[in-house]
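Inside the fold
Read off the chains here:
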Amino acid sequence: MRNLKILLATLMLNLSSFGLCQYSFIPSTVPFKGVSGGDIQVGDLNDDNLPDILICGTDNSFQPITLLYLNQGGGMFSPSPVQPFDAYSDGSIMLLDIDGDGDLDVSFYGSDVNEGAVLYMNNSSGGTVNFTQSSGFSSLSDQVFSASTAYADMDNDGIIDIVYTGFSYLEGGTFIYFKKGLGGGIFDSEQKLKYLSNDLLDGVQGTLILADMDNDGDIDIFVTGETGMNYTPLTKIYSNILEEQGVFSFDETVVLPFSGLVSTEAAILDVDNDGDFDILISGEDGANMPQTTLYYNHGGFNFTTTKSNDLENVMGGVMAYADIDGDGDIDIIVSGYTKDNNNNDTIVTVLHINDGTGYYSKITGPNVLFNGAGDGNLSMADIDGDGDIDIIVSGFDVFGSTDALTTLYLNHTPQVSSVTSYDGSVWVIYPNPSDGIFTIHTAENMDNTPIEIYSTIGELLYSTHVLGSTAEINLENFPSGVYLVKLNNHETTRIIKY
């Protein structure tokens, strides 16, 4: 498998060097409401199998707002005639199936007419929006404020729980709290899991992430923040020892290499496809300069910065990740405040492409120009249903501006599909999707190897052969849709014709 990854990475580098992977994003004409702060999430919220867009934040009239946009197909959206959610000026949104009934429920935490946490249960059906506030969900304690909230099954009982951080006036400190899920959107009373600080301002000003970071079968806690009047950086990992010791408890990992940053944003993702979670962190360092660093996980909470990545340094930023070009690895987009060549404050949004080994390069050009997301957000999903990942950006585009934007960028980047044949050879198919002409390239000479194209119901439509290490598939005379490519009479992959 290691050799296959190296072959695929080599093929991708060769394709990029010859200009075959041309990254392109086209702004949508949908007039989304411009917002700053808040959050953006994408998911099917009205049970029509199309991803919708949910936005909250402060609009350009300085009013709190939450808007649900329903997907009309083909990348077009319209505001839902039913807007079931309270307006949040500075909140976070989470979409998850909290009650296990197969649809996405919505959790808000932030500032609205009633600051705190609210859970909406999804009862939508057949395109009709229907949400109700959960009567079995008691908000986070009135004694705890400015919490960061996350959801996961922490005790391995098959039911989603809540973890949150916040400052308690009653307790005189900041803690990590836990509410056990009882099922059906009902949660038990809160428990304190870990004490963080006695002077942490406004809870944890940073990021709270729940993930199995040591691959032991239970969920660990990653938290960043800043403490005291001097904003001392805080970054910690708490290891869940449930699987090892049979006790629901957490041990702090004390030796960590993370730089001291404030105004942080973080993501946990497997950038090098080695089966464990790496950590991407951005923020402001001790010299008041932006910094973005990728830490590679070598197992057992052993993190290093072993590659000199070409990452855009940002602070007070946001980040999102997905496979932009269809090559099987995770690409990253970051946005936030940075310094230009004259050390002036500016806002940037930059796409970074993974070379297949976890090394990232910035992508520039006229077709990858995104609005800034100053005091804003990013989200990524296949929003228009064409088989590739689109990007939606909200926030201020220019430093000092008070006019926020929200823009959907539709991905027109040729997608690269990889297939392993029966003898272990790597195949690359590009562009995918295409308007009809697809190219196949192999990692070695596979002259006269058969290639067959099938419909999704198994009907053979077209056949050809590899000439040396390349072949062309011409579907110009076939209708738009999804087709299956069979290589060497064994492996298949999906291609899409516009």
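Since the structure is predicted, the reported quantities are computational estimates derived from the model, not experimental observations. (Residues numbered from 1 in each chain as written. Predicted model: local features only at pLDDT ≥ 70, side-chain atom pairs only at ≥ 80, totals over all residues. Heavy atoms only, no water.)

For the chain, the helix and strand inventory stands at 2 helices and 36 strands. The burial tally for the chain puts 54% of its 498 residues in the buried class. Taking contacts inside the chain between residues at least 6 apart in sequence as the whole, the part at least 24 apart equals 48%. Taken as a whole, the chain presents about 20,700 Å² of accessible surface, with 48% of it coming from carbon and sulfur. (Helix = DSSP H or I, 4+ residues; strand = E, 2+ residues; numbered from the N terminus. Buried < 20%, exposed > 50% of the residue type's maximum accessible area, 1.4 Å probe, protein only. Contact = heavy atoms within 4.5 Å. Areas by Shrake-Rupley, 256 points an atom, 1.4 Å probe, with all protein chains shown as cover.)

Further remarks concern the sheet that holds strand 23 (residues 331–339). Within the open sheet, the 4 strands sit side by side as 22-23-24-25. Their pairing is antiparallel. Edge positions in the sheet fall to strand 22 (315–322) and strand 25 (360–363), since each has one partner strand and no second. For this sheet, the mean inter-axis angle between neighbouring strands, taken without regard to orientation, is 30°. Relative to strand 24 (residues 345–354), strand 23 runs antiparallel, the two being bridged by 8 bridges. By the bridge assignment for strand 24, Y337 is matched with I347. (Pairing = 2+ DSSP bridges. Axes fitted to C-alpha atoms, helices over the stretch in contact; angles between N-to-C directions.)

Before going further, it helps to examine the sheet that holds strand 21 (residues 303–304). Pairing between the strands of a sheet comes from backbone hydrogen bonds, and it takes one of two forms, parallel or antiparallel. Taken in spatial order, the 4 strands line up as 18-19-20-21 in an open sheet, and their pairing is antiparallel. Strands with a single pairing partner mark the edges of an open sheet, and in this sheet they are strand 18 (262–269) and strand 21. Where strand 18 and strand 19 (residues 278–284) come together, 6 bridges link them in antiparallel fashion. Residue A266 lies in a different strand from strand 19, and its bridge partner there is I281.

This part covers the pairing of strand 31 (residues 437–442). Along strand 31, the buried face is formed by F438, I440 and T442; none of I437, T439 and H441, which line the opposite face, is buried. Sheet topology places strand 31 next to strand 34 (residues 470–474); 5 bridges connect them, and they run antiparallel. Within strand 34, the position partnered with I437 by the bridge is N474.

Glancing now at the environment of L484. The residue L484 is located in strand 35 (residues 481–487) in this model. Taking C-alpha positions, L484 is 6.2 Å from S455, a pair spaced 29 residues apart along the chain. Not counting residues up to four positions away in its chain, the partners in contact with L484 are E452, I453, Y454, S455, T456, T493 and R494.

Turning our attention to the pattern of salt bridges. Pairs may arise between side chains of opposite charge once their charged atoms sit close together. Applying the stated criterion to the full structure yields 6 salt bridges. A salt bridge links K362 to D310; its shortest N-O distance comes to 3.8 Å. Remark: D310 occurs in the loop between strand 21 and strand 22 and K362 occurs in strand 25; sequence separation between them is 52 residues. Under the relative-accessibility criterion, D310 is labelled partly exposed at 33%. Between D345 and K339 there is a salt bridge whose closest N-O contact spans 2.8 Å. Exposure remark for D345: the relative accessible area of 34% places this residue in the partly exposed category. The structure contains a network of salt bridges with shared partners spanning D155, D157 and K180. (Salt bridge = Lys/Arg side-chain N within 4 Å of Asp/Glu carboxyl O.)

What follows deals with the packing of aromatic side chains. Ring pairs (aromatic) are described by centroid distance and by the angle formed between their planes. The tally for this structure, following the rule as stated, stands at 17 aromatic pairs. Judged by centre distance (5.4 Å) and plane angle (50°), the ring pair of F85 and F108 falls under tilted. Of this pair, F85 sits in the loop between strand 5 (76–79) and strand 6 (90–96) while F108 sits in strand 7 (residues 105–111), and the two are 23 residues apart along the sequence. Aromatic rings pair up to connect F85, Y88, F108, Y120 and F131 into one cluster. (Phe/Tyr/Trp six-rings, centres within 6.5 Å; stacked < 30°, edge-to-face > 60°.)

Another point: the pairing of strand 28 (residues 404–411). Here strand 28 lies mainly inside the structure; 7 of its 8 residues are buried. Looking at chain direction, strand 1 (residues 25–27) and strand 28 are connected through 3 bridges and run antiparallel. Bridging from a neighbouring strand, P27 pairs with Y409 of strand 28. Where strand 27 (residues 390–396) lies against strand 28, 6 bridges are found, and the strand directions are antiparallel. Across the sheet, residue F396 finds its bridge partner in strand 28, namely A404.

In this section: unusual backbone geometry. Unlike most non-glycine residues, N215 shows phi in positive territory, near 55°. By secondary structure assignment, the location of N215 is in the loop between strand 14 (208–211) and strand 15 (220–227). Here the phi dihedral of S263 falls at roughly 50°; this positive angle occurs in a residue that is not glycine. In this structure, S263 sits in strand 18.

Tracing the chain through its elements places T449 in the loop between strand 31 and strand 32 (450–454). In contact with T449, other than residues within four places in its own chain, are W427, T464, H465, V466 and N488.

Glancing now at the nonpolar core. In this structure, F25, I324, I333, L351, F370, M380 and I391 are the most contacted members of the largest nonpolar core, which totals 19 residues. When contributions to this core are tallied by element, the ones reaching two or more residues are strand 22, strand 24, strand 26 (374–381) and strand 27. Ranked by residues supplied to this core, first place goes to strand 22 with 3 residues. If sequence neighbours within four positions are ignored, I333 has contacts with V318, M319, A320, T349, V350, L351, F370, L378, M380 and I391. (Core = buried A, V, L, I, M, F, W, Y, C linked by side-chain atoms within 4.5 Å.)

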